[in-house]
Amino acid sequence: MARRSKGGSEQISEIAIQIEQLQRKEAILDYMHTLSLEELILLEEFYHKSVENMECRKVYPDGRRRVRIFNPRTFDPDLTTTSPQKRAILNKIPEFAVLPQDDVAKTLKQGREIWEKSVEGLDSIYRKMILHIVSYIKSGTTRPLLFVGVPGSGKSMAARVYGEILGLYTAFIACPRMATSRGLYGDAPTYQESSCGAIVEAIIRSKTGLPVFVLDEIDKAGAAKSRGSCDIQNEALNLIDEASEEFVDNYLQCPVDVSHSPVIFTANEVDDISVPLIDRCELIDFPVPTAEHINLVPQRFIVPALMKKLGCADMVKLSKRSVEDAVNKVYRSGAVSIRIYQSMFENVISSAYVRAVCEERTQQVSDKDINSALEHTITSSRKSIGF
């Protein structure tokens, strides 16, 4: 079948019309055999683009919409399929991600319920966070957040609740560890044991392609100080600016759009964080926990969670007065990290639980249990905290 030489767009449109007019499968196959290799390639691109446009415009009944984050057909196969390991990683990256439902009223209601169930107080933090959450569900993007506060002030829990409100997987990335490993970008493909970086790993773990990236302890990951180490703070800049639409992993050599994934940094202090990184973030200061705040946390969260974890609610009894006395003694020693109090009550409840199992009867937490845990906790709290 002779065809006149035409431009690529006009030529492929004519071919597509011819195929649509053919009814029988055999006729379509016969017609395809008359096409040249160049025309077949153009035809494949035409139909793939049509499907891609339909997928990107797809809106779910509840108002959620899709965004393309990865397209394995846009780069040279020689660069992306040279090893079975690389092909396996590429196959795990989803091409499309589904944004959260655009329903502000529902999000505000559920957000408050989730916050009150998970966090005691910190209402000022919630009010700042929810503004960013609303911005995200309306536009699909939001400014990165920088949580700053003393250890144990609730930064990690707030980041986890942020993802839970949006219904997204929260990927915690330990920055000090990443600085001495593959980093955010991964290894160069020339190394024998090379692999992808933390960002692609988080996208794969999320299953949906849309995780909340939480770069934990970013202030502990400064400039690269030795060969083979990574400057995580500089690497993170490409995660939160215009380059995030084409985030290229060193190992895969493929662009991935991470601009739709919220980013949260946590730090104890801002002095060791680069100015360019701070300028791109919304800084949220977490207050130092007070005695009143710390007294409520064990009663509402720590003790019930430990009882449930050990399954000993019917075997171990701990009075409110005992909790308050223990908390006040530790607080006077200078301990403000919630983690310290969690460790103390783990020791207290575990000790009573073991005694209840051995004696086969319900046990009240004794002064001996509390004093033993206090002695260890107060000694530990006076040591320098390095996290």
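Residues numbered from 1 in each chain as written. Predicted model: local features only at pLDDT ≥ 70, side-chain atom pairs only at ≥ 80, totals over all residues. Heavy atoms only, no water.

Draft legend 1. Geometry of the nonpolar core. Within the largest apolar cluster, 70 residues are counted, with the highest numbers of intra-cluster contacts made by F213, L215, I218 and F265. Element by element, the count of residues in this core is highest for helix α7 (residues 123–139), at seven residues. Ignoring sequence-local partners within four residues, the contact set of L215 consists of I173, C175, L184, A236, L239, V263, I264, F265 and T266. By size, the runner-up hydrophobic cluster in this structure holds 27 residues, among which are L318, I340, I349 and V365. (Core = buried A, V, L, I, M, F, W, Y, C linked by side-chain atoms within 4.5 Å. Buried < 20%, exposed > 50% of the residue type's maximum accessible area, 1.4 Å probe, protein only. Helix = DSSP H or I, 4+ residues; strand = E, 2+ residues; numbered from the N terminus. Contact = heavy atoms within 4.5 Å.)

Draft legend 2. Local environment of the pattern of salt bridges. Taken as a whole and assessed by the stated rule, the structure comprises eleven salt bridges. Across the salt bridge formed by D102 and K138, the nearest N and O atoms sit 3.3 Å from each other. Residue D102 is found in the loop between β2 (96–98) and α6 (104–118), and its partner K138 is found in helix α7; the two are separated by 36 residues along the sequence. Judged by its relative accessible area of 38%, D102 falls in the partly exposed class. Ionic pairing is found between R112 and E116, a salt bridge with its closest N-O pair at 3.8 Å. You can see R112 and its partner E116 sitting in helix α6, four residues apart, about one turn around the helix. (Salt bridge = Lys/Arg side-chain N within 4 Å of Asp/Glu carboxyl O.)

Draft legend 3. Highlighting the environment of E242. On the secondary structure map, E242 appears in the loop between α11 (232–240) and β6 (247–248). A relative accessible area of 69% means that E242 is categorised as exposed. For the pair E242 and S259, spaced 17 residues apart in sequence, the C-alpha to C-alpha distance is 7.9 Å.

Draft legend 4. A look at the packing of helix α13 (residues 291–310) against helix α15 (residues 338–359). Running from N to C, α13 and α15 cross one another at 45 degrees; their axes reach a closest spacing of 10 Å. With respect to each other, α13 and α15 are oriented oblique. The hand of the α13/α15 crossing is right-handed. The residues of α15 that touch α13, namely those facing I294, V297, P298, I302, V303, L306, M307 and L310, are I338, Y341, Q342, F345, E346, I349, S350 and Y353. (Axes fitted to C-alpha atoms, helices over the stretch in contact; angles between N-to-C directions. Parallel < 35°, antiparallel > 145°, perpendicular 65-115°, else oblique. Left-handed = near helix turned anticlockwise from the far one by under 90°.)

Draft legend 5. Looking closely at the sheet that holds strand β4 (residues 170–174). Pairing in this open sheet of five strands is parallel, and the strands run β4-β5-β8-β3-β9 from one edge to the other. Since the sheet does not close on itself, it has two edges, and those belong to β4 and β9 (282–285), each with one partner. Between one strand axis and the next, the sheet turns by 20 degrees as a mean value, whatever way the strands run. Here five bridges tie β4 to strand β5 (residues 212–216), and the two strands are oriented parallel to one another. By the bridge assignment for β5, A171 is matched with F213. Seen against the sheet, α7 touches β3 (145–148) and β9 and runs at an angle of roughly 160 degrees to β9. (Pairing = 2+ DSSP bridges.)

By themselves these figures say nothing about function.
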